[in-house]
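# Structural overview for review
What follows is each chain in one-letter form.
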Amino acid sequence: QVQLVESGGELVQAGGSLRLSCAASGLTFSNYAMAWFRQAPGKERDFVAGIHWSASTFYAESVTGRFTISRENAKNTVYLQMNSLKPDDTAVYYCAARRLIAMGVAGEYDYWGQGTQVTVSS
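Residues numbered from 1 in each chain as written. Predicted model: local features only at pLDDT ≥ 70, side-chain atom pairs only at ≥ 80, totals over all residues. Heavy atoms only, no water.

## Considering the layout of surface pockets
In this structure, the largest pocket encloses a volume near 190 Å³. Considering the residues around the largest pocket, the lining is formed by Arg38, Gln39, Ala40, Lys43, Glu44, Asp46, Pro87, Asp88, Thr90 and Ala91. Its residues assigned to classes, the lining of the largest pocket shows three nonpolar, two polar and five charged. (1 Å grid on protein atoms, 1.4 Å probe; cavity = no way out; pocket = protein on both sides within 12 Å on 5 of 7 lines; lining within 4 Å. Points joined across faces, edges and corners; volume = space filled by probe spheres on them. Nonpolar A, V, L, I, M, F, W, Y, C, P; charged D, E, K, R; others polar.)

## Comments concerning the side chain of arginine 71
With respect to the element layout, arginine 71 can be found in strand E7 (residues 67–72). Look at arginine 71: it is buried, it has no salt bridge, and the nearest opposite charge is glutamate 72 at 10 Å. Within the structure, arginine 71 has its side chain in polar contact with the backbone oxygen of phenylalanine 29 (distance 2.7 Å). In terms of polar contacts, arginine 71 uses its side chain to reach the side chain of asparagine 73, at 2.9 Å. Here arginine 71 is in contact with Phe29, Ser30, Tyr32, Ala33, Met34, Ile51, His52, Trp53, Ala55, Thr77 and Val78, once residues within four sequence places are set aside. (Helix = DSSP H or I, 4+ residues; strand = E, 2+ residues; numbered from the N terminus. Buried < 20%, exposed > 50% of the residue type's maximum accessible area, 1.4 Å probe, protein only. Lys, Arg positive; Asp, Glu negative; His and termini not counted. Salt bridge = Lys/Arg side-chain N within 4 Å of Asp/Glu carboxyl O. Polar contact = N/O pair within 3.5 Å; in protein donor to acceptor, adjacent residues only side chain to side chain. Contact = heavy atoms within 4.5 Å.)

## Considering the nonpolar core
Across soluble globular proteins, nonpolar side chains show a tendency to be buried alongside one another. Judged by nonpolar contacts, the single largest core of 35 residues is most densely connected at Trp36, Leu80, Met82 and Tyr93. Secondary-structure elements contributing two or more residues to this core are strand E3 (18–25), strand E4 (32–39), strand E5 (45–51), E7, strand E8 (77–82), strand E9 (91–99) and strand E11 (116–121). Of all the elements, E4 adds the most residues to this core, at six residues. (Core = buried A, V, L, I, M, F, W, Y, C linked by side-chain atoms within 4.5 Å.)

If you want it as structure tokens, here you go:
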């Protein structure tokens, strides 16, 4: 079965950086679009960044210029490099997968990881 396993979340000070990883198994990774979403307590799950099967990317406005999504097909892994972190970035970060084209809507994704906690202190 398909599994997505996130890692890399931790407590970091404002202005710092983190890199999240999501390792995929059980699917032909190169045929899938991947995305990162995040969910803060009491809030909806919001789109952060997406990468198509072709490696084209797009971002939520709130993270543009600070976050970078990338993929390494040889390792079946997608990454989220997060720089200039802010307390508002605090959330559980989830990776998600769907065929070919990434979308900015959570309901369009077929597979989800369990999430990794990112906490940014002020």
